[in-house]
Amino acid sequence: LYGAIGEYYFSQGWVGASANYQRADAIHSAGGVDYDSYVLAGEWQPEHYTVALHLMRSFQRPAQEDASILWQPRETLSSNAGEINVVSYLTPNLALNFAFGQTLHNSNSAPTHGTNQFGLRWQPEALGQNLELAAKADITYDTRAINLRLSYYFDSKTSLISRDRNLRY
């Protein structure tokens, strides 16, 4: 996997772009897959909200190890996808989020399906702001999943909104 990423931060958010190349030799018995993806992303963070947008363009083609067929054409599948995620901080330690993602185009005319995600995160002040409780529901065209998470943070005690915006890496 090779990649490059660039980000620019401003007072209420950030914008960024990345490019990635991955060679996956074990995916298909025919020798693997070359995969390229390009992402444009950004977040806007007004006082009690975060709005994130991700746009992705990807290409996938069979890998060719045999030099004798290196110049023969390979079928390339491509797709475009987008996602928007909105987080509302009801208090500095309670967040609700909604995310919607959609495949916008597939070059092989495969059906395009969307995903929806709903979540709730809470960091109880009474427990020292190091503990986070989270629930998330993922809904796609053919699956439903509910995830519950308990996280403990060893870093400095801070509010959930501050942790999301200032300590996420």
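Structural data are supplied above this passage.
This report concerns the structure included in the present document. (Residues numbered from 1 in each chain as written. Predicted model: local features only at pLDDT ≥ 70, side-chain atom pairs only at ≥ 80, totals over all residues. Heavy atoms only, no water.)

### Some words on the overall build of the protein chain
A count of helical and extended segments in the protein chain gives one helix and nine strands. Along the protein chain, helices and strands appear, N-terminal first, in the series β-β-β-β-β-β-β-β-β-α. Here the protein chain holds 169 residues, and 28% of them are scored as buried. Restricting to contacts in the protein chain with at least 6 residues of sequence separation, those with at least 24 account for 39%. (Helix = DSSP H or I, 4+ residues; strand = E, 2+ residues; numbered from the N terminus. Buried < 20%, exposed > 50% of the residue type's maximum accessible area, 1.4 Å probe, protein only. Contact = heavy atoms within 4.5 Å.)

### Topic: the environment of Ala 81
Looking at the element boundaries, Ala 81 is found in strand β5 (residues 77-91). Exposure remark for Ala 81: the relative accessible area of 21% places this residue in the partly exposed category. If we skip the residues at most four places from it in the chain, Ala 81 touches His 54, Leu 55, Met 56, Gln 102, Thr 103 and Leu 104.

### Things to note about the packing of aromatic side chains
Taken as a whole and judged by the stated rule, the model has five aromatic pairs. For the ring pair Phe 98 and Phe 118, a centre distance of 5.1 Å and an interplane angle of 40 degrees mean the geometry is tilted. You can see Phe 98 sitting in strand β6 (residues 94-106) and its partner Phe 118 sitting in strand β7 (residues 114-122), a full 20 residues away along the chain. Considering the side-chain rings of Tyr 152 and Phe 154, the 5.0 Å spacing of their centres and the 75 degrees angle between planes classify their relative orientation as edge-to-face. Its end group placed over the ring of Tyr 153, Arg 163 keeps NZ or CZ at 4.0 Å from the ring centre. (Phe/Tyr/Trp six-rings, centres within 6.5 Å; stacked < 30°, edge-to-face > 60°. Lys NZ or Arg CZ within 6 Å of the ring centre and 35° of its normal.)

### Re the sheet that holds β6
Sheet architecture is open: nine strands sit in the order β1-β2-β3-β4-β5-β6-β7-β8-β9, paired in antiparallel fashion. At either margin of the open sheet sits one strand with a lone partner, and together these are β1 (2-10) and β9 (144-152). Each adjacent strand pair in this sheet contributes to an overall mean axis angle of 15 degrees, direction not counted. Relative to β9, strand β8 (residues 131-140) runs antiparallel, the two being bridged by nine bridges. Among the inter-strand pairings, Ala 134 is bridged to a residue of β9, identified as Arg 149. (Pairing = 2+ DSSP bridges. Axes fitted to C-alpha atoms, helices over the stretch in contact; angles between N-to-C directions.)

### Here we look at a nonpolar patch on the surface
The grouping of Leu 40, Tyr 49, Leu 53, Leu 55, Ile 84, Val 86, Phe 98, Phe 100 and Phe 118 at the surface amounts to a nonpolar patch, some 760 Å² of accessible area in total. At the level of secondary structure, the elements contributing two or more residues to the nonpolar patch comprise β4 (49-62), β5 and β6. When residues of the nonpolar patch are assigned to their parent elements, the largest contribution, three residues, is made by β4. As for its placement among the helices and strands, Leu 55 is situated in strand β4. (Patch = residues over 30% accessible without salt bridge, like charges linked within 9 Å, V, L, I, M, F, W, Y side chains within 5 Å. Areas by Shrake-Rupley, 256 points an atom, 1.4 Å probe, with all protein chains shown as cover. Salt bridge = Lys/Arg side-chain N within 4 Å of Asp/Glu carboxyl O.)

### Re the pattern of salt bridges
Taken as a whole and assessed by the stated rule, the structure comprises four salt bridges. We note a salt bridge from Arg 121 to Asp 164, for which the minimum N-O separation is 2.8 Å. Of this pair, Arg 121 sits in strand β7 while Asp 164 sits in helix α1 (residues 160-166), and the two are 43 residues apart along the sequence. Asp 164 sits in the buried class, given a relative accessible area of 18%.

### Notes on the side chain of Gln 45
Of note, Gln 45 is situated in the loop between β3 (33-44) and β4. Note on Gln 45: relative accessible area 12%, which makes it buried. Within the local environment of Gln 45, its side chain forms a polar contact with the side chain of Glu 43, the two groups lying 2.8 Å apart. Discounting residues that sit within four places of it in the chain, Gln 45 has contacts with Gln 12, Gly 13, Trp 14, Thr 50 and Arg 165. (Polar contact = N/O pair within 3.5 Å; in protein donor to acceptor, adjacent residues only side chain to side chain.)

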